[in-house]
Amino acid sequence: MNSVLFTKSEIRAILTVTSKKRIPLTDFATTFGEDEIKKIGKLTGIEAVTVAEEGKTSSDYCCEAAKLLFGKVGLTGKDIEGLVYVTETPDHIIPATAPTLQDRLGIPTNTINFDLRCSCPGFVYGLFQSSMLIESGCCNNVLLMVGNTSSRLVNPQDRALLMVTGDAACAALITKSDVASPSTFSFFVDGGKFKSIYIPAGGSRMPIKKGVTDILEFDNDRNGHTLENLMMDGMEVMLFAIREGKNLCSDVMKRMNWSVDDVDLFALHQANKMMVTRIAKGLKADMKKVPISVKDTGNCGLASIPLTLCNTFDGVNPQLKRVVICGYGSGLIAAAGAIDLSKTDIVKTQIV
């Protein structure tokens, strides 16, 4: 992909929400044993996961985040000209979820409006798409919403995923700016390894069939799942994330002529503490500039980058002039961005 430098768009505000429901890893001790809990906690840095409440979808949490964001910036749905909704857990197979959010938030009917199906790099992809809508001149205000309820995709017998997967949602306002806030993005995809993280059944390729796709089986690591559950090759994904995370961060820094020392913050997808640390060490980044925020939420997928920002900061932070964001996940895909957050109102994480 050719180098693209955006200069007309800026992130005016970011607000992230999590559920009131949190499950401490110690609650899983009766199922998996205390030794397993200690092992997972030590490797991942996770002590609890935030889980969506019964009956609530990722769009519900995104809607609540958007309403809180509107109150914070003094706008209403009527001020929005573009709506981008990024998720892997839509409300329905058909239709897309973004149109329902347009209605729920009182956004005009002539608004550019669509879903993006994307995994953990979803915030980066959504920001790229939202920025393009601004740069093209089509919109002045774009509402970006990202969220997942991935915990519901995990089998209760899958120890590898159950104790690390969390749920969260984010709303961000991307606006036109008369003062240049340059940003650039870099992407990577290796679709040949899509089975490294996937759910085999439930789509057109393998429809759900009782007695076939719902049979519980255990792998060599004693992780239980059916063909209707999320599956992951942990080693394959880790090697991919560490390699491409470092490469993409280096690429966007090179495009902006930034050195590692020039960067004010690295906001990386929070798969787990070990993975974030390995990428940071590969970049030779100062760990003081690499926040880790999985302790009380777990891996919240595509919402983890804004969640990290909202867990770490509150208000406008002029020191965040040079920020690198990076996500990596199912596809396999990865994406990074070099952005300016020095004028962004980062709202402390809200529990709803």
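Cut-off values and rules
Residues numbered from 1 in each chain as written. Predicted model: local features only at pLDDT ≥ 70, side-chain atom pairs only at ≥ 80, totals over all residues. Heavy atoms only, no water. Axes fitted to C-alpha atoms, helices over the stretch in contact; angles between N-to-C directions. Helix = DSSP H or I, 4+ residues; strand = E, 2+ residues; numbered from the N terminus. Parallel < 35°, antiparallel > 145°, perpendicular 65-115°, else oblique. Left-handed = near helix turned anticlockwise from the far one by under 90°. Contact = heavy atoms within 4.5 Å. Nonpolar A, V, L, I, M, F, W, Y, C, P; charged D, E, K, R; others polar. Salt bridge = Lys/Arg side-chain N within 4 Å of Asp/Glu carboxyl O. Pairing = 2+ DSSP bridges.

Chemist: Which residues make up the packing of helix H7 (residues 234–256) against helix H8 (residues 273–283), and what are the values?
Modeler: Contact geometry of H7 with H8 gives a least axis separation of 9 Å together with a crossing angle of 45°. Here H7 is positioned oblique relative to H8, judged by the angle of their axes. The way H7 lies across H8 gives a crossing that is right-handed. Here H7 contributes Met238, Ala241, Ile242, Gly245, Lys246, Cys249, Ser250 and Met253 to the contact with H8, which in turn contributes Met274, Met275, Arg278, Ile279, Gly282 and Leu283. Here the residues of the contact of H7 with H8 are counted per class, giving nine nonpolar, three polar and two charged.

Chemist: Residue-level account of the pattern of salt bridges, with values.
Modeler: Taken as a whole and assessed by the stated rule, the structure comprises ten salt bridges. Lys343 is paired through a salt bridge with Glu10; the nearest N and O atoms lie 3.2 Å apart. One end of the pair, Lys343, is in the loop between strand S17 (333–339) and strand S18 (345–351); the other, Glu10, is in strand S2 (residues 9–18), with 333 residues separating them in the sequence. Of the charged contacts in the structure, one is a salt bridge between Asp190 and Lys193, with a shortest N-O distance of 3.8 Å.

Chemist: Which residues make up the sheet that holds strand S1 (residues 5–6), and what are the values?
Modeler: With respect to topology, five strands assemble into an open sheet ordered S1-S9-S17-S16-S14, the strand pairing being mixed. Pairing within the sheet leaves two strands with one partner each, and these edge strands are S1 and strand S14 (265–268). With seven bridges connecting them, strand S16 (residues 323–329) and S17 associate as antiparallel partners. Bridging from a neighbouring strand, Ile325 pairs with Gly337 of S17. Its contacts with the sheet place helix H5 (residues 122–135) against S1, strand S9 (183–189), S16 and S17, and it is angled at close to 55° to S17. Sheet strands in contact with helix H9 (residues 304–312) are S14 and S16, and its direction is about 135° off that of S14.

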